[in-house]
Structure formats: C-alpha cells, structure tokens
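# Examining the three-dimensional arrangement
This is what each chain is made of:
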Amino acid sequence: MKKRISPLLKLIVTSTLLVLVVGCNSQNEHVETIETFLKKEFTGPTDELTVAFEEDGAFPPELKEYVEENYKPLVMSWEDMLNANHLLLYQRMAYENGYQLKPANIELKKDQDLAYDYKVKVEYSKDGKTKTATVTGRMNLNDEGKIVTVRNQADGGLLNSLK
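In every chain, residue numbers begin from 1 and rise along the written sequence. Predicted model: local features are reported for residues with pLDDT of at least 70 only, side-chain atom pairs are reported and counted for 80 or more only, and whole-chain, interface and lining totals are derived from all residues. Excluding hydrogens and water, the side-chain figures rest on all heavy atoms present in the structure.

## Some points on the overall build of the chain
Starting at the N terminus, helices and strands are each numbered in turn, a helix being any DSSP run of H or I of at least four residues and a strand any DSSP run of E of at least two. Counting its regular elements, the chain contains six helices and four strands. In the chain, the succession of α and β elements from N to C terminus is α-α-α-α-α-β-β-β-β-α. In the chain, which comprises 163 residues, the share counted as buried stands at 34%. Here the Shrake-Rupley method, with its probe set to 1.4 Å, supplies the accessible areas, and only the displayed protein chains count as covering residues. Surface accessibility of the chain: about 10200 Å² in total, with carbon and sulfur atoms responsible for 51%. Type-normalised accessible area, obtained with a 1.4 Å probe on protein chains alone, sets the label of each residue: buried when under 20%, exposed when over 50%, and partly exposed for intermediate values.

## Thoughts on the side chain of Gln91
Secondary-structure assignment places Gln91 in helix 5 (residues 89-96). Pairs of residues are marked as contacts when any of their non-hydrogen atoms sit within 4.5 Å. Setting aside residues up to four positions removed in sequence, Gln91 forms contacts with Lys40, Glu41, Phe42, Thr43, Gly44, Pro45, Leu49, Phe53 and Leu101.

## Examining the packing of helix 2 (residues 47-54) against helix 5
For the pair helix 2 and helix 5, interaxial distance at closest approach is 11 Å and the crossing angle is 80°. Classified by the angle their axes make, helix 2 and helix 5 are roughly perpendicular. Here Leu49, Thr50, Phe53 and Glu54 of helix 2 come into contact with helix 5, specifically with Gln91, Arg92 and Tyr95. Only Asp, Glu, Lys and Arg are considered charged, only Ala, Val, Leu, Ile, Met, Phe, Trp, Tyr, Cys and Pro nonpolar, and every remaining residue, Gly among them, polar. Grouping the amino acids of the contact of helix 2 with helix 5 by side-chain chemistry returns three nonpolar, two polar and two charged. Axis definition: a line fit to C-alpha positions, over the contact stretch in the case of helices; interaxial angles, taken between N-to-C directions, run 0 to 180 degrees. In this scheme, roughly parallel covers angles under 35 degrees and roughly antiparallel covers those over 145, while 65 to 115 is roughly perpendicular and the rest are oblique.

By themselves, these observations are geometric and do not establish any function.
Dropping the structure here:
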C-alpha cells in the first residue's frame, strides 16, 4: 500500500523551507554588508582615498565621490554617519600620521533581528612596525539591509595610537 502525502502537508513543508531560505539569505546579506563596511573602515588608506584626503577643503568633491561610491550602498545616510564620525575617522588619522590599517580578523554576532555586535582585530603599521588593537561595537540595520547606526564603540586605544 502506497502512502500519499497530502497537498496541505506539501504546502506547509514548502512554505517552511521558503521562509528558512529567505531568512538565511537576508541574514547572510546583512553579515556581508557589515563585513564590507568594516573592511572599508579598517583597510588603508588606499591610494584613491589618499588622493581624496590630499585635496583642499574639509570635504572636497573627490572625497564625496569616494564616500558615495564606497559607503552609499552600505549605509542609510552617509551624510549623517560622516557627521557623527562613523565614517573614515580611523582612515583620516592613519593618513595624517603615516599609518596603514588592515583588519586581521572580523567577528560578528547577531543579537536581535537587525542588530549585530562586531569585533575587529585591526593591524596598524608604520615604518615597518605593526601593532594591533581590537575594535568592538554594535551596528543596527534597517529593513532594507542598510546600516543605520554604529554605537557602543570601544577601539582598544587605536585612535590614540594613530595620533
């Protein structure tokens, strides 16, 4: 005797799998967004960013172009984040004092639906000497998967070390 699976059971199983797949994909996209943001914040300054920093003015067109190209796809409002010193703070200090930054390790932990805690081990180098600092914080994303806030940041002395 053959057992048949009811159409209702098939629908329930299919729906459950679809919800799981979509949920995992959006979570993976959130992780990718945050990792990309952290890599951009703690890698460099690149040649392109160095050229932008060398231009006259507080926020020259080259720097605006760099920020729009590199951060606009990741954050809800790059203007607000820039004004709150959540963009390019470490890059600016590294540039001004001859350091290069590199993320050695990035760890993310999902805390709530759209909130993630992060921990980044950052290598900073100058004159052939490399040291490390650990930066920790929390990011919140909106429903579209863009970063809204960066908060509770502790930088393990990185900012002072770059001065």
